[in-house]
Amino acid sequence: MRLTALLTASLLALPSWAEPDPSNWESVTEAASGQTVYWHAWGGSTTTNDFIAWIGARAAEQGVTLEHVKLADTADAVGAVLTDKQGGRDEGGAVDLIWINGANFAAMKDNDLLFGPWAEDLPNWALVDVEGKTVTTDFTVPTEGLESPWAMAQVVFIYDTARVDAPPRSAEALLDWARANPGRFTFPQPPDFLGITFLKQMLMELAPDADALQSAATDASYEAVTAPLWTFMDELTPLLWRQGRAYPQTGPRQLQLMNDGEVDIAISFSPGEASAAIANFELPETVRTYVLDGGTLGNASFVAIPYNANAKEGAMVVANILLSPEAQLRAQTPDILGYGTVLDMDKLDPEDRAAFEALDLGPATLSPAELGQALPEPHPSWAERLAEDWVTRYGVAD
């Protein structure tokens, strides 16, 4: 009796925010039922917002309400969690799930702002291609089960075949093309992630030692490695749309410029985006995509759960739905998202595998063979410094 009383007292003394056990999926789903998950995710694309709403409908079938908190910048959600920690709010946080990768993930991991490990306990993790895709590292940083992948992305360049016969397939060729076609190319304004992606893509080709990008940037390495990039950008900038004095603010705005006939080449981090845009009448049917001769950057999109999330169990249920063959197939469908899947086709049931094989990727989507092996992302510190340096050198356009 005495031992029983002590155990009961110990259980009663546990804090109300005792962490869930991700390995006990039955208890996770039971606790998730009735929870509301606030998923902080980029809200700048109608197709993305519609996909998240569809995920919400699937979550509702499991008793979880999903609310999409639309972000312009993922750093806003990271900042909210950091403010909570600094203020001692260690439970009941307003952020339950974040669409995240790169520098934002590294910052949350470094500051102990993440719940986990949990990702590899998801039932659908068994279907993930952990060998062939970059799903256990994020911009060189080991994920260690602190975030779950849900989409693969790789840089492609979009061009209109009605106006461009032979698109430029290297940094030097792009510069030559811009000299011959001034004002017909642009990219989203840094620090927008696509703008920074363009800088990283050019840096991968122009750097005297690209291997240095896989380690954290130091003052000495940064100056030496980026010097050719800034020489390149100094010449390219006045040849851009509006002479580099203005930039599209986002990727969708960049594609709108192409649809309006103002630019002929654009950058995307989704190999299927052009096909999706064609299907949605947002780009002309003459648009196609290509990659550079030296390859293009690729990475995975992840979701992470803050350490003080109010609905950790519900967030895990949503993450597991994102890894389901049904959701992955929908995300890869060109007129929905056109994202690459994180799943291993050999791990799927024959029926699910056949559905992926039958999917028409669209007229502007390159095959996996045409895409080639994606180049690894640099360490997050490079993106941070590139963003700061670009603003210092070129200013923030009106």
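Please refer to the structure higher up on the page.
Residues numbered from 1 in each chain as written. Predicted model: local features only at pLDDT ≥ 70, side-chain atom pairs only at ≥ 80, totals over all residues. Heavy atoms only, no water.

Student: I'm lost on the packing of aromatic side chains in this one. Help?
Tutor: A ring pair, where both rings are aromatic, is described by two values, the distance of the centres and the angle of the planes. The full count for this structure, using the stated rule, is 15 aromatic pairs. Where Phe185 meets Phe187, the ring centres are 6.4 Å apart and the plane angle is 50°; that geometry is what we call tilted. Centroid distance Trp390 to Tyr394: 5.9 Å. Interplanar angle 45°. Geometry classified as tilted. In this pair, Trp390 and Tyr394 both sit in helix H15 (residues 380-394), 4 residues apart, roughly one turn of the helix. Among the aromatic residues, those joined into a ring-pair cluster are Phe185, Phe187, Phe198, Trp230, Tyr247, Trp390 and Tyr394. Arg385 extends its terminal NZ or CZ atom over the ring of Tyr222, reaching a point 4.6 Å from the ring centre. (Phe/Tyr/Trp six-rings, centres within 6.5 Å; stacked < 30°, edge-to-face > 60°. Helix = DSSP H or I, 4+ residues; strand = E, 2+ residues; numbered from the N terminus. Lys NZ or Arg CZ within 6 Å of the ring centre and 35° of its normal.)

Student: Mind showing me how you'd approach the nonpolar core here?
Tutor: Most often, soluble globular proteins keep nonpolar side chains buried together rather than apart. Ranked by internal contacts, the top residues of the largest apolar core, which has 65 residues, are Trp39, Phe51, Ile55, Trp118, Trp150 and Val318. At 7 residues, helix H11 (residues 312-322) tops the list of elements feeding residues into this core. Filtering out sequence-adjacent residues up to four positions away, Trp150 remains in contact with Phe51, Trp99, Ser301, Phe302, Val303, Leu322, Gln328, Leu337, Tyr339 and Val342. Within the second largest apolar cluster, 44 residues are counted, among which are Ala217, Val225, Leu229 and Tyr290. (Core = buried A, V, L, I, M, F, W, Y, C linked by side-chain atoms within 4.5 Å. Buried < 20%, exposed > 50% of the residue type's maximum accessible area, 1.4 Å probe, protein only. Contact = heavy atoms within 4.5 Å.)

Student: What should I look at first to understand the sheet that holds strand E10 (residues 298-304) in this one?
Tutor: If you trace the 5 strands from one edge of the open sheet to the other, you get E2-E1-E3-E10-E6, paired in mixed fashion. Of all the strands in the sheet, just strand E2 (65-71) and strand E6 (147-154) have a single pairing partner and so form its edges. Across the sheet, the axes of successive neighbouring strands diverge by a mean angle of 20°, strand direction being ignored. Each of strand E1 (36-42), E2, strand E3 (97-100), E6 and E10 touches H11; the most contacted strand, E1, lies at about 55° to it. (Pairing = 2+ DSSP bridges. Axes fitted to C-alpha atoms, helices over the stretch in contact; angles between N-to-C directions.)

Student: Got a minute to help me understand the layout of surface pockets in this structure?
Tutor: One simple way to see leftover space: roll a probe sized like a water molecule over the atoms. Estimated volume of the second largest pocket: approximately 810 Å³. Surrounding the second largest pocket, 33 residues form its lining, Lys133, Met152, Gly340, Pro368 and Leu371 being those nearest its centre. Where the lining of the second largest pocket is concerned, the elements lending two or more residues are E6, E10, helix H13 (350-357) and helix H14 (368-371). Sort the elements by how many residues they give to the lining of the second largest pocket and E6 lands first, with 3 residues. Classifying every residue of the lining of the second largest pocket by side-chain character gives 16 nonpolar, 13 polar and 4 charged. (1 Å grid on protein atoms, 1.4 Å probe; cavity = no way out; pocket = protein on both sides within 12 Å on 5 of 7 lines; lining within 4 Å. Points joined across faces, edges and corners; volume = space filled by probe spheres on them. Nonpolar A, V, L, I, M, F, W, Y, C, P; charged D, E, K, R; others polar.)

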